[in-house]
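Remarks on the overall topology
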Amino acid sequence: TMSFVLSLWRAGVFLCLGEARVKTEVQAGPLYRVLGSPLYITCSVSGFRSENTDKHFEFRMTKPSNPNFEIQIISSNDDTFGYSSHQRRVRKNEIALKRLSPNSVRFEIKSLLKADEGEYECTAVNLEDAYDGEYSDKTVVKVIEDSLSVSSSASTPLSLNEGEALTLTCLASSSTSQHTHLSVAWYLHKDGQEDAQPIISLNRDFTLSPGQGFERRYQAGLIRLDKWGEAAYNLQMAEVEPSDQGRIYCQAQEWIQDPDGSWYIIIQKNAEEMTLTVKATDICVDPSSPSLAVEISAQPAALQEGQELLLSCDINTEDVEKRFFSVAWLKGSVELARIGPTGVLTVAPEYSVRQKNGELRAARTGNRNYRLILKPVRTEDQGEYICTVWPQERGQDDAFIEGEAKDSSPQRVSVSATGVSKLSIKMQQAENVTEGGGLHLSCKVDGVQAQLSVTWQLKSARMASFTEIISISQEGVTEIAEEFVSRKVRVMRPATHNFTLELDEVTLSDSGVYQCAVSEHKPNGKTHSQAQTTTVTVISIDTLMGVSLISRKNQVTVGEKLELMCRVRGPRMPVTVTWSMQREAKTPDTILTLSPNGTISWSADQNHYQLRVESRKTEVIYYLLVIGTSHREGGNYQCNVSVLLKNVHKELRASNQLDVSPIPALTRNMNTDITITCSIVKKTSESSLYSITWLHEENAGNKTIVSLDRNSIVTESQADLSQRISMRRSKGPTFELTIRQARISDKGSYTCKVGEWLQDPRGEWYLLSTVSKSTVLTITEPENNLSIPKEEAEMNTSRNQDLTIPCNINKQSSHESKFQVTWFWQKEIETKQRPIFTVYRNSTLQDRFGENVRLKYDHPDPSQFSLTFLNPGPENSGLYFCEVEEWLPSLSRGWRKVAVEKSGHFNVSVLTEGRTYIIIAIVILIVLVLVLLLLVVTMCRSKGSLGNKSGPSLWGESMPMNTSRSGDD
């Protein structure tokens, strides 16, 4: 089915007869790009039948953390192709697909994220009815940190007079682990101009190039760019000119060579701008007319009779395209030729014959540029040349009005007669070179009159004569000797007649005498040669490299994390670091290998380890983190450092071995019995006797708990522990240490130190060996259950009544707990609290009132405390509360405080005796008055009801009693 075919196609499984027709290609990887910089991947396809029809492409990726999961990113014909993780960036045009031709596109990411690292696949969508070839290709992208640093020595404005010197320093460096080159350029950004113009630049291949308009001063040695040390680039302008005014800054670019051999700028940064003001000297300028600057340059400035001399005259002023000028070239005070404002050339009489013979030509080549050519040049043409420019203003009658002339600085031209050689060589004296580093030898040639060829040669200790390394012919063709074809060797030209030999990854066999041989090939066929030598010593990197392995922890318990540090000191170079671990006398097991490009090859279980690298000024530290250390991770750890020289790994240094022995850990609750065992699993003889010493280490170092000699006689013990500690021996033998009712102070490391004793033939006992084993004990404290009532209460009393302040504990943390109770009093809330009575944990009482107050302390129950004032007075009124401290016994520190709680406040009011009687009398009086009022009201109501009744009277005289019984009776 079609789905099956597609799956085969995506997997690259095809059987074709003959050569595949369709081929898809992307840039070969890995592509190292900087975090935050753009990424460009070009993808092209060939072999489709319709070459001029737009092909459609799809991009996918897989991440290193999950290489089996494909993430769809973008497609040229399906807007919904990408997964949601990338669709947002596609919609914002942060990820795009640009068409370059019908058969190629460019995949772009505007700003790389760390998550963009991975393997990218470009697929050409097949719209034909058959599959024949490769429809997808992959490349790997590595996202590295930005380590380029650029700064300038001056950022404050600077004002100079015309002709003064300017020196600026640019610091540019990169600490990336990849092999990169830096290029540095100084720029001048003039006011009113959109773009900055380069003054001078040092390219990635160490070639110096002056910017347009600065060639003359560069040839005359007035502008220089020198590199000092590893990161300093000095710009020197011997005589500044008014045209140099503006903002000057340096720019650094970091280049990396991709696997296809092309160079790519991975990051570019500018330093701070420095504003330069140049004051013109001894020149009166009409404010209404724009400034005018004239520059002259000679190509070349030193030449041989018969060669071509080019004199360029450049005009710098405003609105140059709208203005007219006359330009003349002068040698000394003699004018050679002049170009008028309308472009008409006039030649001086003494040069008219050379013009007719075609030896002198002059022309305007641009709005600002004029050129004069002399060929063949003669020896009498040697001297100083200047260029003079006159502004021309066109009048109403179309006649030109000549303005004030402006001269350029003089340009020196040297012309040598043929047949006389002035060739000389100055070779840089080499310093010692580190193995694996780079060798740079400079050969400067002076007195050049013709084309040069240069050959670099070496005579090492194993060679009797010089052998060729690399050569450059007079036509500029480079040829590498067969022995060095596989080496990274090249010749750079930082200046026209300066040749630098660069040899990367030098080895010890590269030590020896190096020779720079220069030949000058003149037009008449003659050749002049010169040679210079220097001695180079390659120092073995073994002597400079230092590797040490340390750990911040002296011991590690089972389950803890352990961090090991492999510290590598020495020259910075791409190295391979291997971590290994050896158990007992077995062969070391490799844990992982870290390659120079950052790739990690795991040999052990990756879930048990983590790796990180930290680069410092004097060293690089490789950290190995052991996660959840167990007995399996116990052994001797070691890190090895090697370097790849000539495609062969050379082991440089191996660190010391670091023994890691995870200590068993016990966690027990406080106030429980704990047993620690120490078993002998291997012994020399069945008749061996054993001495044992138990040690306890907490904070103050090792402390002997108990020690028994080989006859099981106690030779040393702690008296304060004898009641809680016992020791027992069982078969094996196994020694058991038991701690009863464990306390917090019992935590720490316990070590059993066992000595094996043997008896010699004469019956004397001798100590054969001593071994020890440790166990870490952790004691879990009970939770703080101390609780005191926090409720506020009000209490009123009198002098005749005793005042009792209770202090009750709701819960008790431990039966070993002791309490210290203190009662406090304060007159009012805002006043200072004052302790009045304390009961210490040893039942000592302290009356802290210090006044004529009688107190009574009572402790009827372990959790109940009370303080009673006998016959208190009004002065004892105020706020009362108690504070309870809970203390537990500690072996090393005696008693220790574990909890503190405060009760709620008791607001107490003590009334005087007189006031009490008055209040009682007032209360009684009020009660009597209320009773009398109630009786009066009752009587009044009774009388009213009698007066209104019309029935018979209750008195007997008025109504005699009826003595007869009725049926109701």
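Everything in this summary refers to the structure shown in the same document. Source: prediction; values computed, not measured.

Overview of the overall build of the protein
Helix and strand content of the protein: 5 helices and 72 strands. Taking all 969 residues of the protein together, 41% fall into the buried category. Long-range contacts, defined here as pairs at least 24 residues apart, represent 59% of the contacts in the protein between residues at least 6 apart. Put simply, the protein shows about 53100 Å² of open surface, and 49% of that area lies on carbon and sulfur atoms.

Focus on a nonpolar patch on the surface
Together, Ile-922, Leu-925, Ile-926, Val-929, Leu-930 and Leu-933 make up an exposed nonpolar region whose accessible area comes to about 560 Å². Among the secondary structure elements, Ile-922 is positioned in helix α5 (residues 913-947). Judged by relative accessible area, Ile-922 falls into the partly exposed class, the value being 44%.

A look at the sheet that holds strand β2 (residues 31-34)
Read from one edge to the other, the open sheet built from 5 strands follows the order β2-β9-β8-β4-β5, with strand pairing classed as mixed. Strands with a single pairing partner mark the edges of an open sheet, and in this sheet they are β2 and β5 (66-75). Strand-to-strand twist across the sheet, computed as the mean angle between neighbouring axes with direction ignored, equals 30°. Sheet topology note: the strand β4 (residues 57-63)/β5 ladder contains 5 bridges and is antiparallel. Along β5, the bridge assignment pairs Glu-58 with Ser-75. The sheet strands contacting helix α2 (residues 84-91) are β4 and β5, and the helix crosses β5 at an angle near 30°.

Comments concerning α2
Listed as buried for α2 are His-86, Gln-87 and Arg-89. Buried residues along α2 sit in contact with β4, β5, β6 (95-101) and β7 (104-109). Immediately beyond the C-terminal end of α2, within one or two residues, lies Asn-93, with a positive phi of roughly 65°.

A closer look at the environment of Glu-791
Relative to the helices and strands, Glu-791 resides in the loop between β62 (765-780) and β63 (793-798). Exposure remark for Glu-791: the relative accessible area of 57% places this residue in the exposed category. For the pair Glu-791 and Ser-903, spaced 112 residues apart in sequence, the C-alpha to C-alpha distance is 7.6 Å. Residue contacts for Glu-791: discarding those within four places in its chain leaves Gly-904 and His-905.

Quick look at the state of the cysteines
All chains considered together, the criterion is met by 7 disulfides. Note on cysteine connectivity: Cys-566 is disulfide-linked to Cys-639, with sulfurs 2.0 Å apart. Disulfide Cys-566-Cys-639: torsion about the S-S bond near 75°, hence right-handed. Taken together, the positions of Cys-566 in strand β45 (residues 562-569) and Cys-639 in strand β51 (residues 635-645) put the pair 73 residues apart, joining distant regions of the chain. Taking the relative accessible area as the measure of exposure, Cys-566 reaches 0% and is therefore buried.

Quick word on the side chain of Ser-519
Note that Ser-519 resides in strand β41 (residues 512-521). If near-sequence neighbours (up to four positions away) are discounted, Ser-519 is found in contact with Gln-451, Leu-452, Ser-453, Thr-527, His-528 and Ser-529.

Thoughts on the sheet that holds β6
The strands making up a sheet associate through backbone hydrogen bonding, with each pair oriented either parallel or antiparallel. Spatially, 4 strands are ordered β1-β3-β7-β6 in an open sheet, and the strand pairing comes out antiparallel. Strand pairing shows two members of the sheet lacking a second neighbour, β1 (23-26) and β6, which therefore form its edges. Neighbouring strand axes in the sheet, compared pairwise and without regard to direction, differ in orientation by 20° on average. Across 6 bridges, strand β3 (residues 39-46) lies against β7 in antiparallel orientation. Among the inter-strand pairings, Cys-43 is bridged to a residue of β7, identified as Val-105.

Here's the deal with the packing of aromatic side chains
In the structure shown here, the tally under the stated rule is 11 aromatic pairs. Taken together, a centroid distance of 4.6 Å and an interplanar angle of 15° make the contact between Phe-59 and Phe-107 stacked. Taken together, the positions of Phe-59 in strand β4 and Phe-107 in strand β7 put the pair 48 residues apart, joining distant regions of the chain. Given a relative accessible area of 1%, Phe-59 falls into the buried group. Look at Phe-107 and you get buried, because its relative accessible area is 0%. Lying over the aromatic face of Tyr-264, Arg-33 brings its terminal NZ or CZ to 3.8 Å of the ring centre. The ring of Phe-324 has Arg-394 sitting right over it, with the charged end atom 5.1 Å from the ring centre.

Some words on the pattern of salt bridges
Per the stated rule, a full pass over the model turns up 39 salt bridges. The partner of Arg-487 in a salt bridge is Asp-510, with the nearest N and O atoms 2.7 Å apart. Remark: Asp-510 occurs in the loop between β40 (498-503) and β41 and Arg-487 occurs in the loop between β38 (478-480) and β39 (489-495); sequence separation between them is 23 residues. A salt bridge links Arg-728 to Glu-736, with the shortest nitrogen-to-oxygen separation between them at 3.2 Å. A single salt-bridge network, built from bridges that share partners, covers Glu-563, Arg-567, Arg-569, Arg-612, Glu-614, Arg-616 and Glu-619.

Some thoughts on the nonpolar core
By size, the foremost hydrophobic cluster in this structure holds 37 residues, and its most contacted members are Leu-166, Trp-186, Ile-199, Ile-200, Tyr-233 and Ile-248. Not counting chain neighbours up to four residues away, the residues in contact with Ile-200 comprise Ala-185, Trp-186, Leu-208, Ser-209, Pro-210, Gly-211, Tyr-218, Ile-223, Arg-224, Leu-225 and Leu-235.

Observations regarding unusual backbone geometry
Here the amide bond leading from Gly-29 into Pro-30 is cis, since omega sits at 5°, within 30 degrees of zero. Structurally, Pro-30 can be placed in the loop between β1 and β2. Look at the link from Gln-299 to Pro-300: it is a cis peptide, with omega at -10°. Mapping Pro-300 onto the fold places it in the loop between β21 (292-299) and β22 (302-304). For Glu-505, which is not a glycine, the phi torsion comes out positive at approximately 50°. Position of Glu-505 relative to the elements: it lies in the loop between β40 and β41. In this structure, Gln-741 is a non-glycine residue whose phi angle is positive, near 50°. Here Gln-741 shows up in the loop between β60 (734-739) and β61 (748-759). Of the residues examined, Gln-741 reaches a relative accessible area of 31% and is grouped as partly exposed.

Rules of the game
- Residues numbered from 1 in each chain as written.
- Predicted model: local features only at pLDDT ≥ 70, side-chain atom pairs only at ≥ 80, totals over all residues.
- Heavy atoms only, no water.
- Helix = DSSP H or I, 4+ residues; strand = E, 2+ residues; numbered from the N terminus.
- Buried < 20%, exposed > 50% of the residue type's maximum accessible area, 1.4 Å probe, protein only.
- Contact = heavy atoms within 4.5 Å.
- Areas by Shrake-Rupley, 256 points an atom, 1.4 Å probe, with all protein chains shown as cover.
- Patch = residues over 30% accessible without salt bridge, like charges linked within 9 Å, V, L, I, M, F, W, Y side chains within 5 Å.
- Salt bridge = Lys/Arg side-chain N within 4 Å of Asp/Glu carboxyl O.
- Pairing = 2+ DSSP bridges.
- Axes fitted to C-alpha atoms, helices over the stretch in contact; angles between N-to-C directions.
- Disulfide = S-S within 2.5 Å.
- Phe/Tyr/Trp six-rings, centres within 6.5 Å; stacked < 30°, edge-to-face > 60°.
- Lys NZ or Arg CZ within 6 Å of the ring centre and 35° of its normal.
- Core = buried A, V, L, I, M, F, W, Y, C linked by side-chain atoms within 4.5 Å.

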